[in-house]
Amino acid sequence: MADGDEDYVYDEASGEWRPASEIAAASARVVRDASGNPLADGDSVVLVKDLKVKGAGQTLKQGTVIRSIRLTDNDEEIDCRHDTIKGLVLRTEFVRKR
C-alpha cells in the first residue's frame, strides 16, 4: 500500500493507513521553556524566578544556571542536577534556555 516512494503505517488509534511521515511529525514533540524556545537534552538553562526546593530546605535563586538538562516523558518537566541537589526536577515554565 504505497503511493510512489511513500511508506504507509497502520494507525491503530484511527484505524487508518497513514503516511509514515505524517505519523513521525505527529509524534515529534517539542519541549519549550518559559520564553517559548525549544529545549533539548544537554542544554543549559537559567532560572527565571526564585524557587524553594521541597525536601532540600534550600532556595535556588533567579539567574542560577543549570547545566546538562534531560527531557522527561512529561513535556512540562525537565530532569537536572545542581551542585548541591541531585535528582532535581524543574518545571519548564520556570526556566529559560541559556
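No experiment lies behind these values; they were computed from the predicted model shown. (Residues numbered from 1 in each chain as written. Predicted model: local features only at pLDDT ≥ 70, side-chain atom pairs only at ≥ 80, totals over all residues. Heavy atoms only, no water.)

J.: Could you clarify how one ought to interpret the sheet that holds strand E12 (residues 95-97) in this entry?
T.: Strand pairing in a sheet takes place through backbone hydrogen bonds and is either antiparallel or parallel in direction. Judged by pairing direction, the sheet is antiparallel, and its 3 strands sit side by side in the order E8-E5-E12 without closing on themselves. Edge strands, defined here as strands with exactly one partner in the open sheet, are strand E8 (65-66) and E12. Pairing analysis gives 3 bridges linking strand E5 (residues 45-47) to E12, with the strands arranged antiparallel. Residue Leu47 lies in a different strand from E12, and its bridge partner there is Val95. (Pairing = 2+ DSSP bridges. Helix = DSSP H or I, 4+ residues; strand = E, 2+ residues; numbered from the N terminus.)

J.: I'm lost on the sheet that holds strand E11 (residues 88-91) in this one. Help?
T.: On the basis of which strands lie adjacent, the open sheet formed by 3 strands has the order E9-E10-E11 and antiparallel pairing. Both edges of this open sheet fall to strand E9 (70-71) and E11, since each of them pairs with a single strand only. Alignment of strand E10 (residues 77-80) against E11, held across 4 bridges, turns out to be antiparallel. Bridge pairing in E11 links Cys80 to Leu88.

J.: What is the right way to read the environment of Lys52 from this model?
T.: Structurally, the position occupied by Lys52 is in strand E6 (residues 51-53). Ignoring anything within four residues of it in the chain, the contact list for Lys52 reads Gln58 and Thr59. (Contact = heavy atoms within 4.5 Å.)

J.: Got a minute to help me understand the pattern of salt bridges in this structure?
T.: Any two side chains of opposite charge can pair, on the condition that their charged atoms come close. Here the structure, examined in full by the defined rule, presents 4 salt bridges. Put simply, Asp43 and Lys97 hold a salt bridge, and the shortest N to O gap is 3.5 Å. Taken together, the positions of Asp43 in the loop between strand E4 (38-39) and E5 and Lys97 in strand E12 put the pair 54 residues apart, joining distant regions of the chain. In this structure Asp43 comes out as buried when scored by relative accessible area, which is 16%. Using a relative accessible area of 32% as the deciding quantity, one classes Lys97 as partly exposed. Here Glu93 and Arg91 are joined by a salt bridge, their closest N and O atoms 2.9 Å apart. By relative accessible area, Glu93 is classed as partly exposed at 44%. Beyond isolated ion pairs, a larger network of salt bridges with shared partners links Glu76, Arg91 and Glu93. (Salt bridge = Lys/Arg side-chain N within 4 Å of Asp/Glu carboxyl O. Buried < 20%, exposed > 50% of the residue type's maximum accessible area, 1.4 Å probe, protein only.)

J.: Help me understand the nonpolar core in this model?
T.: Generally speaking, a soluble globular protein has its nonpolar side chains buried in company with each other. One finds Leu39, Val45, Ile69, Ile78, Leu88, Leu90 and Val95 to be the most contacted residues of the largest nonpolar core, which totals 15 residues. Excluding anything up to four places from it in sequence, Val95 contacts Asp33, Ala34, Leu39, Val45, Val46, Leu47, Val48, Ile78 and Leu90. (Core = buried A, V, L, I, M, F, W, Y, C linked by side-chain atoms within 4.5 Å.)

J.: For this particular structure, what's the right way to read the pairing of strand E1 (residues 8-11)?
T.: In summary, the side chains of a regular strand alternate between the two faces of the sheet. Across 4 bridges, the pairing between E1 and strand E2 (residues 16-19) is antiparallel. Its bridge partner being in E2, Asp11 is matched across the sheet by Glu16. Linking E1 back to E2 in an antiparallel pair, the connection comprises 4 residues, with Gly15 at a positive phi of about 75 degrees.

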